[in-house]
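Descriptive structure summary
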Amino acid sequence: MSKQYSVASTIAPVNSSATPPLPPQPLAHAWHGVDHYENFPVGSWLVPARLRPAVLAIYRFARYADDVADEGDAVVTLREARLDELHAALTAAESDGASGEPVVDGLGGYVVAHGLDWRHFHDLLDAFLQDLRIDSYDEPEAVEDYCRRSANPVG
């Protein structure tokens, strides 16, 4: 019998008649999106003030994409489609600076200013897509690979 390595708790069942997650709303103020119940002190006062806007933009993107993957009761196919749309938005933002997705467009200037690699944001979306399909792993290397794409990009 093989050992199972869990990445997250059980993925909640989805309602097949559910509607897809709503698109992101315009960012109303600097702290929009960081009052989530799973939030941690993302805008810590320990982060230099000049870096806080970038940290918040990254957090908004990650929080939104994570919520698409595991909040609400949309069916898996709709969640996958929305995450694929976010992949496309990242690609558009990388090539011409605009995507039409507020959580992606909010990243652009910070990605450029801080020399970040767009690949990390794609990796994060890939991990969220994986969350929809796999909830345990037989090998610790598989967990490490998942973490490389989920936790590492945010860290």
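Residues numbered from 1 in each chain as written. Predicted model: local features only at pLDDT ≥ 70, side-chain atom pairs only at ≥ 80, totals over all residues. Heavy atoms only, no water.

Section: the confidence of the model for the chain
So the rule is basically this: The score called pLDDT rates the predictor's confidence residue by residue, from a low of 0 to a high of 100. Helix numbering and strand numbering both begin at the N terminus, where a helix is a DSSP run of H or I of at least 4 residues and a strand a DSSP run of E of at least 2. Two residues form a contact once any of their heavy atoms are found within 4.5 Å.
When pLDDT is averaged along the chain, the result is 76; 70% of the residues meet or exceed 70. At the low end of the mean pLDDT range in the chain sits strand β1 (residues 5-6), at 35; at the high end sits helix α2 (residues 76-96), at 95. For the stretch residues 1-34, pLDDT sits under 50, and the model shows 68 contacts to residues farther than four places along the chain or on other chains.

Focus on the pattern of salt bridges
Opposite charge on two side chains permits them to pair, given that their charged atoms come into close proximity. Note the cut-off: Any Lys or Arg side-chain nitrogen located within 4 Å of an Asp or Glu carboxyl oxygen qualifies as a salt bridge. Classification of residues uses two cut-offs on accessible area relative to the type maximum, computed with a 1.4 Å probe and protein chains only: under 20% is buried, over 50% is exposed, and between them is partly exposed.
One pass over the full model with this rule turns up 10 salt bridges. Across the pair Arg-63 and Asp-66 runs a salt bridge, and its minimum N-O distance is 2.4 Å. You can see Arg-63 and its partner Asp-66 sitting in helix α1 (residues 52-70), 3 residues apart, about one turn around the helix. A relative accessible area of 9% places Arg-63 in the buried class. The residue Glu-80 makes a salt bridge to Arg-133 at a minimum N-O spacing of 3.1 Å. Within this pair, whereas Glu-80 is found in helix α2, its partner Arg-133 is found in helix α4 (residues 118-133), the two being separated by 53 residues in sequence. In this structure Glu-80 comes out as buried when scored by relative accessible area, which is 18%.

Examining the packing of α2 against α4
Stated formally: For helices, the fitted line uses only the C-alpha atoms of the stretch in contact; every axis is such a line through C-alpha atoms, and the angle between N-to-C directions lies from 0 to 180 degrees. By the definition adopted for this analysis, an angle is roughly parallel if under 35 degrees, roughly antiparallel if over 145, roughly perpendicular if from 65 to 115, and oblique otherwise. All residues other than Ala, Val, Leu, Ile, Met, Phe, Trp, Tyr, Cys, Pro, Asp, Glu, Lys and Arg, Gly among them, are scored as polar; the first ten of these are nonpolar and the last four charged.
Contact geometry for α2 and α4: axes closest at 10 Å, N-to-C directions at 175 degrees. In terms of orientation, α2 lies roughly antiparallel with respect to α4. In this structure, α2 uses Val-76, Arg-79, Glu-80, Leu-83, Asp-84, Leu-86, His-87, Leu-90, Thr-91, Ala-93 and Glu-94 to contact α4, whose residues at the interface are Trp-118, Phe-121, His-122, Leu-125, Asp-126, Phe-128, Leu-129, Leu-132 and Arg-133. Of the residues belonging to the contact of α2 with α4, the class tally is 11 nonpolar, 3 polar and 6 charged.

Points about the nonpolar core
Our working rule: Buried Ala, Val, Leu, Ile, Met, Phe, Trp, Tyr and Cys residues that are joined via side-chain atoms within 4.5 Å together make up what is termed a nonpolar core.
Core analysis: the largest hydrophobic core is formed by 23 residues, its most contacted members being Phe-61, Leu-83, Leu-86, Leu-90, Val-104, Leu-107 and Leu-125. Non-local contacts of Leu-125, meaning those with residues more than four positions away in its chain, are made with Phe-61, Ala-65, Leu-83, Leu-86, His-87 and Leu-90.

Structural notes on the packing of α1 against helix α3 (residues 102-113)
Helix-helix packing is described using two parameters, namely the angle between the two axes and the distance between the axes. Stated formally: A crossing counts as left-handed when the near helix is turned anticlockwise from the far one by less than a right angle, and as right-handed when that turn is clockwise.
At a minimum axis separation of 9 Å, α1 and α3 run at an interaxial angle of 150 degrees. When the axes of α1 and α3 are compared, the pair comes out roughly antiparallel. Classified by chirality, the crossing of α3 by α1 is left-handed. Contacts between α1 and α3 involve Pro-53, Ala-54, Ala-57, Ile-58, Arg-60, Phe-61 and Tyr-64 from the former and Val-103, Val-104, Gly-106, Leu-107 and Tyr-110 from the latter. Class assignment for the residues of the contact of α1 with α3 results in 10 nonpolar, 1 polar and 1 charged.

Thoughts on the environment of Asp-96
Mapped onto the fold, Asp-96 is located in helix α2. A residue is classified by how much of its surface remains accessible, and Asp-96, at 58% relative accessible area, is exposed. Separated by 12 residues in the primary sequence, Asp-96 and Gly-108 have C-alpha atoms spaced 9.8 Å apart.

What to know about the side chain of Arg-79
Inclusion rule: His is not counted, nor are the chain ends; Lys and Arg add positive charge and Asp and Glu add negative charge. Two N or O atoms form a polar contact when they lie within 3.5 Å of each other; inside protein one atom must be a possible hydrogen donor and the other a possible acceptor, and for residues adjacent in sequence the pair counts only when both atoms belong to side chains.
Turning to its location among the elements, Arg-79 is positioned in helix α2. Lacking a salt bridge, the buried Arg-79 has Asp-73 as its closest oppositely charged neighbour, with an N-O distance of 6.0 Å. In terms of polar contacts, Arg-79 uses its side chain to reach the backbone carbonyl oxygen of Gly-72, at 2.9 Å.

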